[in-house]
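Take a look at the letters that make up each chain.
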Amino acid sequence: MSAEDVVFLASPLTFDPSVVEIFLALSSGAQLLIVPPVIKKMPNRLAQLLFRNHRTTVLQVTPTLLGRFGRRILKQEVLSSGSSLRVLALGGEACPSPALLTSWRHEGNKTHIYNIYGITEVSCWACCYKVPESLLQSGNLMASSVPLGAPLMDTTVEVRDELGHIVTEGEGQVFIGGKDRVCLLDDEVTAVPGTMRSTGDWVKAEDSQLFYLGRRDRLIKRHGQRVNLDTLQQVVMSLPQVESCAVGLYEGFRLVAFVVASTSGDQQAASPFPSVQQRVGQSPSASADRREDFSSSISHDEESGATDGDLSRAVLTQLSLLLPSYSIPDTLVLVPALSLSAHGKVDMDALMKTYQRQRERLESDTSLGDLAKIKQTLQSLWQDTLGLAEDAAIEEESNFLFSGGDSLKALRLCDDITTAAAVASAGLLEVILDGTFSDVLHHVARVILTLPLENNSSSLPEAKKRRADPLSVAPAKRERTDPRSRTAAEKPQGAEVALEERTVKVIRRGGEVVEMKIRNPDTNKNSQPDTVEQLRRTDSKTSAVGLSLSWSSDTGRCVDASPVLLAQGGTDQGSDSAKTTVFIGSHSHRMQALDLATGGLLWERVLGDRIEAAAAVSQCGTLVVIGCYDGCVYFLCAASGETRWVFETRNAVKSCPAVDPLKGLVIVGSHDGHVYALNPQVRQCVWKHHCGGGAVFSSPYLHPSHRRLYVASLGGHLLCLNPDSGELIWTYCRETPFFSSPNGSSGPVVIGSVDGNICCFSNMGKLLWQFLTKGPVFSSPCVTPDQQRVLCGSHDGCLYCLNCADGSLVWTFQTSGKVYSSPCVFDGSTWGRRGILVALASTDGTVWILDGQDGLLVASLTLPGELFSSPVVWEHSLVVGCRNDYVYCIELTVKKET
């Protein structure tokens, strides 16, 4: 520094770098240039003031504020060949990549560029790195990021892993301090020499250099994969059509990229580098191979026209060549400029408010009052999501997947349709995945125009919610504040002891009934439950079965989860000691315990997020286990709902737990791609196993006699594991996801696939047979008690009964909707029927009862909402969740002998 220098006061006085700028100038006799704040918002005038009028030589600024100049002004004024700027210090945010810096400079520019790093808590800057000219050469495409540089005088910089250990090679968090670099924070009154402050910044230590990866909260998991938002931002900014960009998460899940379009005719910007792709979340070799999977939906301003749409599609197309699908932004929002905070950093809150206003305006302006308007809007969203031109024809029979879509694009289209319609329909995603454009149109029209249902609430007076008598209701709910706090008053300890001394039965989807002999807390751990087949043959006369609503319970939001029942005491519902409880969760975050006989609410818990998975009951019969969208597995007291243990995975849990009848382990999958074996007695994770790619949506199946655990993933992997150790026995990979849960008979295991096949594997992993349906199979197979037949539904609306031995078709039944849920087989002798009956739910809201022998219809009832929950039958009651927010109990009655 010298008296001839001119230092620009870029930082406001509330931002600590301003101290550097002020005293840097004063201590060297240089000029300090101060401009009105409003001028900082006018790039052309600011550039003229700095470099024409006052010949600024030293500029300390955030990369975002520098980017506000635009590529043209940067090249022609700020970093021109004859620029007065001697020193450019970039700090406060991630330093732009060398390629981006090169695109901003004129070839003859001589400005020295520095990357400076530090935190306010350790008095501003701590590290400095001068970017060498060799790194800024336009032909240098090897470097992807600029190092943080060496520590300044009297400064100590350390990298520590999550356990606090020093890292010399690898990733970790930066800690800054030193003997004399100590600031007092909050209520501290004494400076402790050598104090090291955590920065919250994640870096990679490599070859004695530190490379910034991003804020810890900017390293996210998305669709089970790690995504670096800061690096993704740099990839977008490196595209020639983009002037600047900011990437963030809207409401914690929707990835939004705010883009300022380039106004420069220069399209020579360097491309992102392979190492950048790796840091975002994809190896370079895989990015090109997965080109067909990458796209995104696009948001527009009111004034946006074809030009904006073309630009957005061009940006997204280029990103699709560089990045995996889980890193592609869900929405690209074109903005005239990035909102900045008073400190010159990106104001993400302000940008998200802009996006929110766009969504609200779209909702209010899109008056979808007639079918023609709905069709026009749907065609536009369909085209945008698939990256099609605006004049591209959308046929009535066009299928989204066959037109170039995939599951991620379908999620984006579903969200955009929901935004445009301002009405949520939980069944929309399945229609997009499986149906035609015409199917999606009519589904959306039915929701928006509120077409009358076959049966509505006014025609079902019996469906009103029944509460138990005051004396029979369990303790009242507490305030719903802390989702993990107790929400039901504690019951006397004797209540749980009495429960453990009874015989209990757990009734799950598919008609599975597990009987457990519970002696007492001391001897229970050595008892082994026996699986009891609910179904048996009989020679009684055939009677007609009737269906009528018994009770319903309002959960507050859609019920996709399947119920699980816990029968205590006796085997007959009519006995005084018998009591059956229904456990079921909903999208409202609520977990309800209901009395099967009356529908009375015994207790209710509000957990941390949406519940879609079915619950399970622990081996001891006293705990209810449920997975949640917040990534947690909750172990609740079956009697009171009190939390006993919470185990956290790293992503949403939509998998229904399996319970090991031998050792009591609870085995559950997570969208983080792992399956976990949990021991509730000692509250520990015994083992976990990564399932080879993709989230674990379906429920694990434990074959009790062979002691083998089967797990399926959305990555198309079916794994056979040792349930005691988690060790892999064999694996089978298919190119399509498994939403269906595996199920087994005496030896083989059966599972449905999204490609429409029902597949059967030997216990050694050999594909024995597969049966092709006419639609994706999300339904989980159900095996009849004689182990001879397997039942499974399909999105083609059929229930298929197949021979377990060779997969040949025994019979099929066509429903009036799609079959997403699992069928339930149960004993027909209670109603004077020979053999077994099958309960089935179709997405149009109809519950069907079929004869298990020939598939003929016995009875049906239509509920006022879509059904994705699997029905469960016990004694004379059928329980199922509905997407109109209710849980229904349907009474099965004998009409007359025939």
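Quick summary incoming for the structure in this document.

About the thresholds
- Residues numbered from 1 in each chain as written.
- Predicted model: local features only at pLDDT ≥ 70, side-chain atom pairs only at ≥ 80, totals over all residues.
- Heavy atoms only, no water.
- Phe/Tyr/Trp six-rings, centres within 6.5 Å; stacked < 30°, edge-to-face > 60°.
- Helix = DSSP H or I, 4+ residues; strand = E, 2+ residues; numbered from the N terminus.
- Buried < 20%, exposed > 50% of the residue type's maximum accessible area, 1.4 Å probe, protein only.
- Lys NZ or Arg CZ within 6 Å of the ring centre and 35° of its normal.
- Salt bridge = Lys/Arg side-chain N within 4 Å of Asp/Glu carboxyl O.
- 1 Å grid on protein atoms, 1.4 Å probe; cavity = no way out; pocket = protein on both sides within 12 Å on 5 of 7 lines; lining within 4 Å.
- Points joined across faces, edges and corners; volume = space filled by probe spheres on them.

The way to describe two aromatic rings as a pair is by their centre distance and the angle between their planes. By the definition in use, this model includes 18 aromatic pairs. A centroid spacing of 4.8 Å and a plane angle of 85° characterise the contact between Tyr250 and Tyr355, whose relative ring orientation is edge-to-face. Here Tyr250, found in strand 14 (residues 242-250), pairs with Tyr355, found in helix 10 (residues 348-365); they are 105 residues apart in sequence, far enough to count as distant. One exposure class covers both Tyr250 and Tyr355, and it is buried. Of the aromatic side chains, those joined through ring pairs into one cluster are Phe697, Phe739, Phe778, Tyr820 and Phe868. One Lys or Arg, Arg160, reaches over the ring of Phe175 and ends 4.2 Å from the middle of that ring. A cation over a ring is seen here: Arg610 above Tyr629, with NZ or CZ 5.1 Å from the ring centre.

Turning to the environment of Arg45, a few remarks are in order. Along the chain, Arg45 turns up in helix 2 (residues 43-53). Taking the C-alpha atoms as reference, Arg45 lies 10.0 Å from Phe69; in sequence the two are 24 residues apart.

Next up on the list: the pattern of salt bridges. Summed over the entire model, instances satisfying the criterion amount to 16 salt bridges. Of the charged contacts in the structure, one is a salt bridge between Glu77 and Arg52, with a shortest N-O distance of 2.4 Å. On the criterion of sequence distance, the pair formed by Glu77 in helix 4 (residues 70-78) and Arg52 in helix 2 is long-range, its members being 25 residues apart. A relative accessible area of 17% places Glu77 in the buried class. Judged by its relative accessible area of 54%, Arg52 is exposed. Ionic pairing is found between Arg883 and Asp560, a salt bridge with its closest N-O pair at 2.4 Å. Here Arg883, found in the loop between strand 51 (877-881) and strand 52 (886-897), pairs with Asp560, found in the loop between strand 21 (543-554) and strand 22 (564-569); they are 323 residues apart in sequence, far enough to count as distant.

Bringing empty space enclosed by the protein into the picture now. Counted by the stated rule, this structure contains seven cavities of 30 Å³ or more. Estimates place the volume of the largest cavity at around 80 Å³. Surrounding the largest cavity, Ala10, Ser11, Pro12, Phe15, Pro17, Gln60, Val61, Thr62, Leu65, Gly91, Trp125 and His343 form its lining.

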